[in-house]
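The residues making up each chain are set out below.
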Amino acid sequence: MTSTERPAEDPSRPYRIEPDTRHSPQIGALLEMLAYARLTTLQAVQGLSVEQLDATPPGFRNSIGMLLAHIAAVDRVYHWLSFGGRDPFTESIPEFDPYRSGLTMGAEGEPVRGRPLAWYLDELETSRGHTLATLAQRDDAWLASRLSVPGFDFPNHHWAWFHVMEDEVSHRGQIRLLRNIVAPKPAATAE
């Protein structure tokens with residue numbers, strides 16, 4: 001299942017959480033919610049140019065592109081925390097270094113800029129594809145169990161992936177606000 005997979009014959013499908021029998025009930029519901037959050041994020045950035053993705057209007061700290069890089073990086077952080085029992089904040093994980101700038105919104109490393117929308121969409125799809133494939137191999141007992149990361153072992157896996165989803169939804173709201181500034185819809189003209 002990809003992050004945007006929805007049956008074409010039913011346009012109302014994205015508006016229902018209906019896990020299928022391939023997954024345990026809680027995992028199935030979580031997969032559906034993650035897919036819906038991603039669908040709406042993708043809708044919010046559709047058609048944006050490099051200039052629009054890079055724009056940081058006065059009064060804002062981040063561009064739409066930086067927020068997209070952050071969403072993908074958060075997914076990747078939780079791969080290590082939840083699936084691998086490792087903490088990229090406290091241990092050296094060289095494979096994570098290219099995503100550190102996205103995670104920290106440019107505070108560490110070079111800010112993400114000058115990339116076309118296709119680059120961000122690929123980052124989002126690659127990261128979420130790993131998330132969905134790995135979660136599909138887990139069950140509800142695992143989802144309810146605690147993370148095994150030293151110093152970060154108080155949350156359970158369900159909370160971790162709920163947090164990934166809530167972070168994306170929060171930033172999608174920022175993206176929509178920024179889009180209204182950097183790519184406003186033309187005003188309707190009277191005929």
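The structure we're discussing is the one just above.
Residues numbered from 1 in each chain as written. Predicted model: local features only at pLDDT ≥ 70, side-chain atom pairs only at ≥ 80, totals over all residues. Heavy atoms only, no water.

Caption draft 1: Broad picture of the overall build of the protein. When helices and strands are counted, the protein shows seven helices and zero strands. Mapped from its N terminus to its C terminus, the protein presents α and β elements in the order α-α-α-α-α-α-α. Relative to its length of 191 residues, the protein is compact, with a C-alpha radius of gyration of 18 Å against a globular reference of 16 Å. Its C-alpha atoms give the protein principal-axis dimensions of about 60 × 45 × 25 Å. Across the 191 residues in the protein, those meeting the buried criterion constitute 46%. Within the protein, counting contacts between residues at least 6 apart in sequence, those at least 24 apart form 69% of the total. Working note: accessible area of the protein is about 10000 Å², and carbon and sulfur atoms make up 55% of it. Mean positive and mean negative side-chain charge positions of the protein (18 and 25 charges, respectively) differ by 3 Å. (Helix = DSSP H or I, 4+ residues; strand = E, 2+ residues; numbered from the N terminus. Rg over C-alpha atoms; globule rule 2.2 N^0.38 Å. Buried < 20%, exposed > 50% of the residue type's maximum accessible area, 1.4 Å probe, protein only. Contact = heavy atoms within 4.5 Å. Areas by Shrake-Rupley, 256 points an atom, 1.4 Å probe, with all protein chains shown as cover. Lys, Arg positive; Asp, Glu negative; His and termini not counted. Charge placed at Lys NZ, Arg CZ, Asp CG, Glu CD.)

Caption draft 2: Main features of the pattern of salt bridges. Across all of its chains, the model carries seven salt bridges by this definition. Where Arg38 meets Glu168, a salt bridge forms, and the shortest distance between an N and an O atom there is 2.9 Å. Here Arg38 is found in helix α1 (residues 25-45), whereas its partner Glu168 is found in helix α7 (residues 157-182), with 130 residues between them in sequence. For the pair Arg38 and Glu168, one class covers both residues: buried. For Glu168, a relative accessible area of 1% puts it in the buried group. Each of Arg38, Asp75, Arg128 and Glu168 takes part in one network of salt bridges that share partners. (Salt bridge = Lys/Arg side-chain N within 4 Å of Asp/Glu carboxyl O.)

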